[in-house]
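So you can see what is in the structure, the chains are spelled out below.
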Amino acid sequence: MPTYSAPVRDTLFVLNDVLGIGRLSNLPGFADAVGEVMEAVLEEGGKFCREVLAPLNQVGDREGCTRHDDGRVTTPSGFKDAYRLYADGGWVGLAADPDYGGQGLPFVIATAVGEFQASANMAWSMYPGLAQGAIAALSAHGSDSQKSAYLPRLIAGEWLATMNLTEPHCGTDLGLIRTKAVPQEDGSYRLSGQKIFISGGEHDLTPNIVHLVLARIEGAPSGVKGLSLFLVPKRLPDADGAPGEANGVTCGAIEEKMGIHGNATCVMNYDAAKGWLVGEAHKGLKAMFTMMNEARLGVGLQGLAQSEIAYQNAVTYARDRRQGRALSKKNGTAGEPASAADPIIVHPDIRRILMSVRAFNEAARALMLDTSLKSDIATRSPDPAARQAAEDWLALVTPVIKGVFTDRGFENAVAAQQVYGGHGYIAEWGMEQFVRDARIAMIYEGANGIQALDLVGRKLPADNGRAITAFLTEIATFLAENAEDATLAPLVPALKEGLDHLQKATMWLAKNGMQDPDNAGAGSTDYMHLFGLVALGYMWAKMAQAAGRALAAGATEDQSFYENKLLFARYYMERAMPETGTRLRRIATGAETTMALPAEAF
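As the structure is a prediction and not an experimental result, all values here were calculated from the model. Counting from 1, residues in each chain are numbered in the order their sequence is written. In view of the model being predicted, local features appear only for residues whose pLDDT reaches at least 70, and side-chain atom pairs are presented and counted only at 80 or more, with totals across whole chains, interfaces and linings using the full set of residues. To get the side-chain values, take all heavy atoms of the structure and skip hydrogens and water.

Let's shift gears to the overall build of the protein. Secondary structure counts use DSSP, requiring at least four H or I residues in a row for a helix and at least two E residues in a row for a strand, with both numbered from the N terminus. Counting its secondary structure elements, the protein contains 17 helices and 11 strands. Based on C-alpha atoms, the radius of gyration is set beside the globule rule, defined as 2.2 Å times the residue count to the power 0.38. For 602 residues, the compact-globule formula gives about 25 Å, and the C-alpha radius of gyration of the protein, at 24 Å, lands near that figure. For the C-alpha atoms alone, the extent of the protein along its principal axes is close to 80 × 60 × 60 Å. Working rule for contacts: check all heavy atoms of both residues, and any pair within 4.5 Å makes them a contact. Across the protein, every contact between residues at least 6 apart in sequence was considered, and the portion connecting residues at least 24 apart equals 74%. Surface exposure here means Shrake-Rupley accessible area, sampled with a 1.4 Å probe, where a residue is shielded only by the protein chains that are shown. Of the roughly 25,100 Å² of accessible surface on the protein, a fraction of 52% belongs to carbon and sulfur atoms. For this count, His and the chain ends are skipped, Lys and Arg are scored as positive, and Asp and Glu as negative. Taken as the charge centre is NZ of Lys, CZ of Arg, CG of Asp or CD of Glu, depending on the residue. Averaging the locations of the 55 positively and 69 negatively charged side chains of the protein gives two centres separated by 4 Å.

Here it is in structure tokens:
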């Protein structure tokens, strides 16, 4: 059975040493969240994931969810008990508003715990994960009565929630949505239609499920400008707010999927189901985007999470599996002459796989936590300029995190599986589940090609390029201010070159994408990955700087920890950053050849 250990030490290093979370103690929720409290939360969250969630991961994969003839769905063995422990421990409301029963801790801490959960049991983690998006959407756009009726229940974990967008004929193009909403005399609406691919659409973890549904009010304009967002509970709350009579929303089927079998991915049928408008009529997409953006960060986190647990188990296997002889007697690879064969971790190609995965994981964790911290600043800082800068970063980096982290997360799960050889293909070892589970993250919450188009087509030109200009300037300023830092000397040339490639690619798209939109479309995925390479390289430079400071201060207790940071920073610059040149060359070829082939010739 696979094992999992939450990377608490690495997370604390990023939060404390790299991001300096203590400097934000003046923001709401931060004063009591740093130091021992933060460490305790991460330790306990990691323990819960290791002891409760991880052992259920293969159980959920084998058993899946069961739909009964009456539309009820039961989750795999142990899922319900695990959720009750989780909810009773207050984990759902970790970063939620204290006015509605939340603990009010920073979002960045909830993100860190979220990584642990998604590594330990991705399918299970999706149930409470979707509730976070619903809490954010209702907090931002719900009426006072909706907040008072639903937020305390969601934050306490008494109820869970879903996000309903996709329809059989309509995926990314939400303007094609047909689900209709008919106004009622009491101010409510009756919704009719069908939604598909609804994660956690029906289950037995909670007695009620709050569905947030995009639909079109009768007579509304066509396209996305005619969409509204509705709150549709599985059961209508009674006079006391408890789940009452069944509403007209049922699970018609559970999708047969490649992975995440422990999560009920449902076809949801709405038959004159009673619902209430959230926010303004015909402006539902704006309200839903609050939930979608949080979900996209969460999916990016899943890519990192599957990469991390695949790496951990591949390392364990590589230390134990014996095959062949060491090629040399370099540091740590001398082999064991007294044994019939050496552990495969001595072989350069195995080390290449493991080091490449880990170099991504640690930089991705830093970028994710940095971005989550920006989210806290955007919502909690009293400084308008700080909020604006944080919002710009979030808008720009969110599609990169979703697209790059999930592409690389899947690639890394496959690479880690390769370490096992034939055993990686066998279910009992668990690696093939990580591969299957990781694959969906590249698809849902906007397929990665859509994320790339969003980045290039919307985020780069927004506000006359304010966000990308600030991003490029931040890295350039960091390099200039630390030009004399001996620790960074081995890293600077590669990061400078990568930054130069990103600047050139940005300028090329600004010019040629405007002249021919196909140029932007053809280069968008390469640009997204070029951006990701530089962003992760920037994180490695910051981590190396923090590690160098710690070593200079005499951190003997964790000396090897910091020395390894410097080694992995060098590895990333040597092995990953050169790819920026390839990405730039692809972008600069434009779209002529790509678009030249007639459709019938494919």
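Picking up where we left off.
One can find Thr250 in strand 10 (residues 249-254). Along the chain, Thr250 and Met268 lie 18 residues apart, while their C-alpha atoms are 5.7 Å from each other. Residues contacting Thr250, with those up to four places away along its chain left out, are Val267, Met268 and Asn269.

Below, the discussion takes up the packing of helix 2 (residues 36-63) against helix 3 (residues 79-88). Axis separation between helix 2 and helix 3 bottoms out at 10 Å; the angle between their running directions is 155°. By the criterion of interaxial angle, the relationship of helix 2 to helix 3 is roughly antiparallel. Helix 3 is crossed by helix 2, and the crossing has left-handed handedness. Counting all contacts with helix 2, which are made through Phe48, Val52, Leu53, Leu56 and Gly60, the residues of helix 3 involved are Phe79, Ala82, Leu85 and Tyr86. Amino acids are sorted into nonpolar (Ala, Val, Leu, Ile, Met, Phe, Trp, Tyr, Cys and Pro), charged (Asp, Glu, Lys and Arg) and polar (every other residue, Gly among them). Here the contact of helix 2 with helix 3 is composed, by residue class, of 8 nonpolar, 1 polar and no charged. Interaxial angle, 0 to 180 degrees, is taken between N-to-C directions of lines fitted to C-alpha atoms, where a helix line uses only the stretch in contact. Oblique is the label for every angle not falling under 35 degrees (roughly parallel), over 145 degrees (roughly antiparallel), or within 65 to 115 degrees (roughly perpendicular). Handedness of a crossing is defined here by the sense of rotation of the near helix relative to the far one, left-handed for an anticlockwise turn of less than a right angle and right-handed for a clockwise turn.

Okay, helix 7 (residues 284-320) next. Working rule for helices: expected span equals 1.5 Å times residues minus one. Look at helix 7: 54 Å from first C-alpha to last across 37 residues, which is about the 54 Å you get at 1.5 Å a residue. To get the bend at any residue, fit one axis to the seven residues that end at it and another to the seven that begin at it, then take the angle between the two axes. Along its length, helix 7 reaches its greatest deviation from straightness, about 30°, at Thr290. Across the 37 residues of helix 7, 28 count as buried, placing the element largely inside the fold. Throughout, exposure labels follow a simple rule: accessible area from a 1.4 Å probe, protein chains only, divided by the maximum for the residue type, with under 20% read as buried, over 50% as exposed, and the rest as partly exposed.

Quick look at the packing of aromatic side chains now. Stacked, edge-to-face and tilted are the three classes for Phe, Tyr and Trp ring pairs, Trp counted by its six-membered ring, which pair at centre distances within 6.5 Å; planes under 30 degrees apart are stacked, over 60 edge-to-face, the rest tilted. Considering all chains together, one arrives at 18 aromatic pairs under this definition. Ring centres of Tyr189 and Phe230 lie 5.0 Å apart, and the angle between their planes is 65°; on these two criteria the pair is classed as edge-to-face. Of this pair, Tyr189 sits in strand 5 (residues 189-199) while Phe230 sits in strand 7 (residues 227-233), and the two are 41 residues apart along the sequence. For Tyr189, a relative accessible area of 13% translates into the label buried.

A few words now on the pattern of salt bridges. Side chains that differ in sign of charge can pair as their charged atoms come close. Put simply, a salt bridge is a Lys or Arg side-chain nitrogen that is within 4 Å of an Asp or Glu carboxyl oxygen. All told, the structure shown has 30 salt bridges when counted by the stated rule. Two residues, Glu280 and Lys283, come together in a salt bridge whose shortest N-O distance is 3.5 Å. Lys283 sits in the partly exposed class, given a relative accessible area of 45%. In this structure, Lys459 and Asp454 form a salt bridge, with 2.9 Å as the shortest nitrogen-oxygen distance. One continuous salt-bridge network, built from bridges that share partners, spans Asp10, Glu115, Glu308, Arg358, Glu362, Arg365 and Lys565.

The packing of two helices is summarised by the inter-axis angle and the distance between the axes. For the pair helix 7 and helix 9 (residues 384-419), interaxial distance at closest approach is 8 Å and the crossing angle is 25°. With respect to their mutual orientation, helix 7 and helix 9 come out roughly parallel. Between helix 7 and helix 9 lies a crossing of left-handed hand. Broken down by class, the residue content of the contact of helix 7 with helix 9 amounts to 14 nonpolar, 8 polar and 2 charged.

For Ser199, the position within the fold is in strand 5. With sequence-adjacent residues up to four places away left out, Ser199 is seen in contact with Met126, Leu130, Thr162, Asn263, Ala264 and Thr265.

A few words on the side chain of Glu432. Among the secondary structure elements, Glu432 is positioned in helix 10 (residues 431-440). Side-chain atoms alone can form a polar contact between residues adjacent in sequence; in general such a contact is a pair of N or O atoms within 3.5 Å, and within protein one must be able to donate a hydrogen while the other accepts it. Side-chain polar atoms of Glu432 contact the side chain of Arg436, separated by 2.7 Å. Those residues in contact with Glu432 that lie beyond four places of it in its chain are Asp61, Gln417, Gly424, Tyr425, Ile426 and Ala427.

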